[in-house]
Amino acid sequence: MRTALYGSKMADTATGGSGTRPGGKQASTPADNYYLARRRTLQVVVSSLLTEAGFESAEKAAVETLTEMLQSYISEMGRSAKSYCEHTARTQPTLSDIVVTLVEMGFNVETLPAYAKRSQRMVITAPPVTNQPVTPKALTAGQNKPHPSHIPSHFPEFPDPHTYIKTPTYREPVSDYQVLREKAASQRRDVERALTRFMAKTGETQSLFKDDVSTFPLIAARPFTVPYLTALLPSELEMQQMEETDSSEQDDQTDTENLPLHMSTDDSGPEKENASVLQQNTSLSGSRNGEENMIDNPYLRPVKKPKIRRKK
Amino acid sequence: FHPSGKQGSKTMNRKKGDKGFEICINNINFQRKSVVGYVELTIFPTVANLNRIKLNSKQCRIYRVRVNDLEAAFIYNDPTLEVCHHESKQRNLNYFSNAYAAAVSAVDPDAGNGELCIKVPSELWKHVDELKVLKVHINFSLDQPKGGLHFVVPNMEGSMAERGAHVFSCGYQNSTRFWFPCVDSYSELCTWKLEYTVDAAMVAVSNGDLVETVYTHDMRKKTFHYMLTIPTAASNISLAIGPFEILVDPYMHEVTHFCLPQLLPLLKHTTSYLHEVFEFYEEILTCRYPYSCFKTVFIDEAYVEVAAYASMSIFSTNLLHSAMIIDETPLTRRCLAQALAQQFFGCFISRMSWSDEWVLKGISGYIYGLWMKKTFGVNEYRHWIKQELDQIVAYELKTGGVLLHPIFGGGKEKDNPASHLHFSIKHPHTLSWEYYTMFQCKAHLVMRLIENRISMEFMLQVFNKLLSLASTASSQKFQSHMWSQMLVSTSGFLKSISNVSGKDIQPLIKQWVDQSGVVKFYGSFAFNRKRNVLELEIKQDYTSPGTQKYVGPLKVTVQELDGSFNHTLQIEENSLKHDIPCHSKSRRNKKKKIPLMNGEEVDMDLSAMDADSPLLWIRIDPDMSVLRKVEFEQSDFMWQYQLRYERDVVAQEEAILALEKFPTPASRLALTDILEQEQCFYRVRMMACFCLAKIANSMVSTWTGPPAMKSLFTRMFCCKTCPNIVKTNNFMNFQSYFLQKTMPVAMALLRDVHNLCPKEVLMFILDLIKYNDNRKNKFSDNYYRAELIDALANSVTPAVSVNNEVRTLDNLNPDVRLILEEITRFLNMEKLLPSYRHTITVSCLKAIRVLQKNGHVPSDPALFKSYAEYGHFIDVRIAALDAVVDYTKVDRSYEELQWLLTMVQNDPVPYIRHKILDMLTKNPPFTKNMESPLCNEALVDQLWKLMNSGTSHDWRLRCGAVDLYFTLFGLSRPSCLPLPELGLVLNLKEKKAVLNPTIIPESVVNNQEPVNSTNNHGQSVGFQNTFSNSQEEEEIDMDTVHDSQAFIYHHLNMLERPSTPGMSKFIGKMIVWIFQRFQLGVGFVFFFTTTGMYHAYKSEKLRKK
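If you're wondering where the values come from, they're calculated on a predicted model, not measured in any experiment. (Residues numbered from 1 in each chain as written. Chains lettered and ligands numbered in written order. Predicted model: local features only at pLDDT ≥ 70, side-chain atom pairs only at ≥ 80, totals over all residues. Heavy atoms only, no water.)

K.L.:
Kindly report on the overall build of chain B, identifying the contributing residues and their values.
P.N.:
Scanning chain B from terminus to terminus reveals 34 helices and 33 strands. The proportion of buried residues among the 1105 residues of chain B is 61%. A sequence separation of at least 24 residues applies to 70% of the contacts in chain B between residues at least 6 apart. Surface exposure of chain B reaches about 42200 Å², of which carbon and sulfur atoms provide 52%. (Helix = DSSP H or I, 4+ residues; strand = E, 2+ residues; numbered from the N terminus. Buried < 20%, exposed > 50% of the residue type's maximum accessible area, 1.4 Å probe, protein only. Contact = heavy atoms within 4.5 Å. Areas by Shrake-Rupley, 256 points an atom, 1.4 Å probe, with all protein chains shown as cover.)

K.L.:
Go over the overall build of chain A with me, naming the residues and quoting the values.
P.N.:
What chain A contains, in helices and strands, is 11 helices and two strands. Listing each helix as α and each strand as β along chain A from the N terminus yields α-α-α-α-α-α-β-β-α-α-α-α-α. Summarising the internal contacts of chain A: among those between residues at least 6 apart in sequence, 39% fall at separations of at least 24. Carbon together with sulfur atoms contributes 59% to the accessible area of chain A, which is approximately 23200 Å² in total.

K.L.:
How would you explain the confidence of the model for chain A if you had to name every residue and give the values?
P.N.:
Taken over all residues, the pLDDT of chain A has a mean of 73, while the share at 70 or more is 68%. Across residues 247-293 of chain A the pLDDT falls below 50, and counting only partners more than four positions away or on other chains, this stretch makes 40 contacts in the model. (pLDDT = per-residue confidence, 0-100.)

K.L.:
Residue-level account of the domain arrangement of chain B, with values.
P.N.:
Residues and elements named next belong to chain B. What the domain assignment reports for chain B is domain 1 (17-78 + 115-242) and domain 2 (349-513). The centre of domain 1, based on its C-alpha atoms, is set 31 Å off from the matching centre of domain 2. Taken together, the contacts link 16 residues of domain 1 with 18 residues of domain 2. When domain 1 packs against domain 2, the two sides together hide about 1400 Å² of surface, and 59% of this comes from carbon and sulfur. Counting every contact that joins domain 1 to domain 2 gives zero salt bridges. Inspection of the domain 1/domain 2 interface yields six residue pairs in polar contact (both at pLDDT 80 or more). Those elements that provide at least two residues to the side of domain 1 that touches domain 2 are β11 (189-199) and β14 (221-233). (Domains from an automatic or database assignment. Buried area = accessible area lost by both parts, 1.4 Å probe. Salt bridge = Lys/Arg side-chain N within 4 Å of Asp/Glu carboxyl O. Polar contact = N/O pair within 3.5 Å; in protein donor to acceptor, adjacent residues only side chain to side chain.)

K.L.:
Account for the pairing of strand β13 (residues 209-215) of chain B, naming residues and giving values.
P.N.:
All names here are of chain B. As paired strands, β13 and β14 are joined by six bridges and run antiparallel to one another. Bridge pairing in β14 links Asp-209 to Met-227. As consecutive antiparallel partners, β13 and β14 are separated by five residues, and within that stretch Met-219 has a phi angle of approximately 60°, a positive value. (Pairing = 2+ DSSP bridges.)

K.L.:
Requested: an account of the UniProt feature "domain: Bromodomain associated" (unreviewed entry) in chain A, with residues and values cited.
P.N.:
Sites flagged by UniProt as "domain: Bromodomain associated" (unreviewed entry) map to residues 34-111 of chain A. The span residues 34-111 of chain A is 76% helix and 0% strand, and its two end C-alpha atoms sit 31 Å from each other. (UniProt positions renumbered as here; feature names shortened; annotations may be inferred.)

K.L.:
Break down the environment of Pro290(B) for me, citing the residues and quoting the values.
P.N.:
Structurally, Pro290(B) is set in the loop between α6 (274-285) and β18 (294-299). Beyond its immediate chain neighbours, meaning those up to four positions away, Pro290(B) contacts Ile230(B), Gln343(B), Phe344(B) and Phe348(B).

K.L.:
Summarise unusual backbone geometry; cite the residues concerned and give the values.
P.N.:
Phi is positive for Ala89(A), which is not a glycine, with a value near 65°. In this fold, Ala89(A) is placed in the loop between α3 (60-87) and α4 (95-104). In this structure Ala89(A) comes out as exposed when scored by relative accessible area, which is 69%. Residues other than glycine seldom take positive phi values, yet Asn755(B) does so here, at roughly 65°. By secondary structure assignment, the location of Asn755(B) is in the loop between α18 (734-747) and α19 (759-771).

K.L.:
Which residues make up the interface of chain B and chain A, and what values go with them?
P.N.:
The figure often quoted for interface size is the accessible area lost as the parts come together. The interface is formed by 94 residues belonging to chain B together with 70 residues belonging to chain A. Roughly 7300 Å² is buried in total at the junction of chain B and chain A, and carbon and sulfur atoms are behind 62% of that figure. At the junction of chain B with chain A, the criterion picks out five salt bridges. Linking Lys304(A) and Glu212(B) is a salt bridge whose minimum nitrogen-to-oxygen distance equals 2.8 Å. Taken together, the connections running from chain B to chain A amount to 20 residue pairs in polar contact (both at pLDDT 80 or more). No other element matches the 11 residues that helix α21 (residues 814-832) of chain B contributes to the side of chain B that touches chain A.

K.L.:
So what's going on with the nonpolar core? Which residues, and what values?
P.N.:
Residues and elements named next belong to chain B. Ranked by internal contacts, the top residues of the largest apolar core, which has 359 residues, are Ile-118, Tyr-281, Phe-345, Trp-358, Ile-450, Phe-463 and Phe-493. Broken down by element, the residue count for this core peaks at 18 residues, all from helix α8 (residues 357-399). Excluding anything up to four places from it in sequence, Phe-345 contacts Leu-285, Leu-360, Ile-363, Ser-364, Ile-367, Phe-463, Leu-466 and Leu-467. (Core = buried A, V, L, I, M, F, W, Y, C linked by side-chain atoms within 4.5 Å.)

K.L.:
Account for the pattern of salt bridges, with residues named and values stated.
P.N.:
Taken as a whole, this structure holds 56 salt bridges over all chains when the rule is applied. Among the ionic pairs, Arg837(B) bridges to Glu328(B), the shortest N-O distance being 3.0 Å. Taken as a pair, Arg837(B) in the loop between α21 and α22 (839-853) and Glu328(B) in helix α7 (residues 328-344) lie far apart in primary sequence, 509 residues in all. Relative accessible area serves as the criterion here: at 9%, Arg837(B) is assigned to the buried category. Note on Glu328(B): relative accessible area 3%, which makes it buried. One network of salt bridges, with partners in common, ties together Arg188(A), Arg189(A), Glu192(A), Glu822(B) and Arg825(B).

K.L.:
How would you sum up the sheet that holds strand β7 (residues 116-119) of chain B? Please name residues and give values.
P.N.:
Residue and element names in this part refer to chain B. The three strands are arranged β3-β7-β6 in an open sheet whose pairing can be described as antiparallel. Whereas interior strands pair on both sides, the edge strands pair on one side only; in this sheet they are β3 (52-55) and β6 (74-76). With strand direction ignored, the average angle separating the axes of adjacent strands in the sheet is 15°. Of the pairings in the sheet, the one linking β3 to β7 comprises four bridges and is antiparallel in character. Looking at the pairing, Arg-52 lines up with Lys-119 of β7. (Axes fitted to C-alpha atoms, helices over the stretch in contact; angles between N-to-C directions.)

K.L.:
Describe the environment of Gln515(B), and please don't skip the residues or the numbers.
P.N.:
All names here are of chain B. As for its placement among the helices and strands, Gln-515 is situated in the loop between α12 (506-512) and β23 (519-528). Assessed through its relative accessible area of 32%, Gln-515 is described here as partly exposed. Between the alpha carbons of Gln-515 and Ile-407 there is a distance of 10.0 Å; along the sequence they are 108 residues apart. Polar contacts involving the side chain of Gln-515 include one to the side chain of Gln-548, which spans 3.2 Å.

Structure below.
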């Protein structure tokens, strides 16, 4: 959903860009030149792909449309990859950003290597480069890796091996029980203290010392409207914990508790729904939809409609 | 309207011939806290010339009374509203207690009295003489009731149902008269038809079967129709209305549970156990549960934790708990079991009169005990019996006795069986709450004594007989005279026992039921080697208050080398010494195993014992078959053997208690061994912790090794690899859980040579807090953390203060700073992640008070006062109030005392009001023999007013106020009051002048009492005569008194004192008062002047004679 939205948006701007630019005839700025060169290259790519697919000729309009689509697709990839890299606080996209982008756009990344190495592929000649930027010769260390066969030779060379070769090192993971406990304890304590101090700083406080209100700040006691609820109900944290720690016993219990409900659920569909509601809140549904329940309890019976007023 | 004729005379004749009392509550307004309704009762006159009908009614506004559709005149007179009317300077408690008892008598339904007196219209007199049915219809309303019916209306947005507003009936003993006019007696049975019209979102839970629920015509309200066909006393009628969640018990579909919104999961868990209690009682009583349904309702702001009524029980919502809570689970189950036991005895079977109350409380307490034994085991049961026994013994020795079956001969002061008390025991409503609690405790202990005497089998047969007679009677719909079988009386119960068992238990009854007091034994022994005889000396103290002389059999168990032997001694008047032959010669072959009482044979290290004696230990009355206190002397090694090898937990506990006096390495070893022994009962091990701490403190100079219990705790609960870190919590084993909780608390009581808590111990506890990790635990650790805070508090010792300097942060002790750091963090975390029942807040508040008291933190009640406000959880409020009470005492603060007393009058929660008085009584700011700046005339007046008129809506509260007054000022005139104008009073009858009884100093007044509280053991014969003048005068009063008005009137006639207001003024006041009670539009009202009324009483009395 998100990709579709972004995609369509992106396509709009791309077509908008291409719609205005070629319309102007006096285009001769370097930027325009780049633009045209890119466009040309893309056209070549589209044409070669078409050839590969078995087309012998194509209308110009069709090639233009396909070029436009390809351009949009690539632009969106770039934009999206940039967002992902910025999201993780980086400026340069990495391979993983591209992968995520492709996945997000609905592309099956796994098919890519096989596609790249396909035998009948056509290699496009390198675009003519007018002024090759002079790369300063840095210290070279080791032999640069040659390009594999599926990468055109005009692509940039591999960087020096030391920039990507890794030697895995192992740091002893902290597995010492004592240290772990120590860490957990102090971490929790720090969090608790920070949190309570923050609460104390931002709210009303009480103090044990008249002369000092900041060293031992106590969050002020605030009366509740319904005090028993907080006192009796387990907190969400505890509930979660309970679910984690005991599953077997809990299951047993619910089984027996639901016994009468199971009996009542062997009817039709909507009633089954009711039964599950009943499970959630016996009181409300129980008192109203009493008929569905096999239990004969006066509190589950329906409320009667008033009779004609009797004489007192 | 004669008492004897009243029995079963009240029946109701409705269309189809069913009988009953009908209550209809048409309108309940939560916003205004008001109730409107009517009652209808039919009276079958059993005597002719019945022209007045007396009913009980308090705080209800009665609009209209009709008898057989004729308007009837009525008078409403409640003498308990204001006990002493005149403005005299009488301020002595004796006077008040007499007047109060008289006032309660004057409206006692068992004596045919009542607050509401309806005059049968003269047109019907003939009708009555033919003994025809009278139908009485009373319209009433209740506006903001202060007692009897409690409204809980949270102050927030939303409809009443959304807010969780609810209302329920409550009160102590027969308190039904507070919410509808009735014969508020446990002995007046009738069938009931109850109707409640409530908001459609609410549920009304009441007694009997819910017949139907019908919408009103506007469909906005529902009417709940209940029918109770089992004859029931008005006092067992109850009501709870609220937006309850409904849970039908999955095991028993006729049982329904109700709780407040959002608590359903807790309700499910809490009540999942109830069916087992049902099964247990039905099995032992071989009798089905008497009612056709049972309802449990859990409500907020409960008056008591458990209240049992016919076919329903009202519980405090705070008993609900989830599966994660360990500590509350047994407590709640006990409450459920208690409530159910009372369904059989107390609700279904009611009592004939107040003096038979002990039978019901006794039986229900006894079968509850049997349930305890089955559920929690023999050890827990025996521990509980011991605990109850210790409590009742301590209370009786303190106050002078609890009488189970008082017999009142003519109401004369000298026949008063409880003259050692500052209240009358003639009525339940005049009893101190503590006395009543102890009364119940004694009742079930005495039942156990009866069981010991006649065997449990017979005992259960007796109960079964009572129940089957009652259930036969209850089904007799048209023969109400049969219904008396549903009432139990002392004589009926005893007869039943003698029929079933064929045994005579009269001596036992005489000793424990008809007489108050417990037995105090002192025992010591010597071993006569030549005769191989144990010479046992057993002395008794029967002269101290609260004691009695015991004559009869007494079991003594002697553990010798060759085994354990029981001996039954006959305790007689003059024999103190008893020779008991020993079975074994002193130790010969060391290797032999020693047989114990239970047949077990054990190896013992006998090196500690006396080589000449074969005695290992001796126990007096091991089965607790006498209500007694035993102080027995035996050597330390004997106590140590008893602790290690005696298998009875009571013996082990006694040994632990005794070992406190023997701080030796051997005691230390015995205690540590017990602590480590996993087979040992956990409560014994917990007790051993505290004893070990005490011994360690006494042995401080010779103690070697790490602080007591530290290495043990480390071994049991800390990691193997890093002993300073406690394992992550796992409370699956409850025994070790309780031990883990207790040990740090006990360790914190250790002190070094400087009387400070050892640094090592404090650091250890702080580490326990630091490394506490509950993530993997199935149970909540809130109680454990709370006890760790308690441990911190226990470690606090008084601050070393340099000439009373002001407590500031700068001179805070570094250890205390660490403690305070933890407390602050815990207390603040509670605001974000509150613990179950806020146990941690409670412990923090207590700890802060300890720090204040020890001078580390400036003493200041402000914090506690904020936590004591309405809106905090009740446990927190009570902890905070306790701290304020303590502050009031320590700092002698008048302001705080006033604050507390204001709360007693105004707090919305009845339990809090009661509890404040209770705490003030237990921890009084001053006592009667103490000089205190707080003790002044204004306070006397204030408290007097409180008990005289301020607490008329709650029996328990009034008695609490009386207790406090007694604690502060004693029985006679408070010493801080100025002397009254007249020192001498002219006694017209005897033509003598006597000292004004109000100013007789305490010591003299004391002497007038047959049983003295401070001196004079042997009731000297002389003093009755010496002071007979003033005594006589009292007696005359009591003889003729029927209610407080008459009493006062009488006084006015007797003593023409210029300081008292004149007669005419008094009558005037009466009339105005009656006018205030009854609004216009009542119809036709008869007025009596006081004199008229007095004569009316007098003539009635003459008629009775």
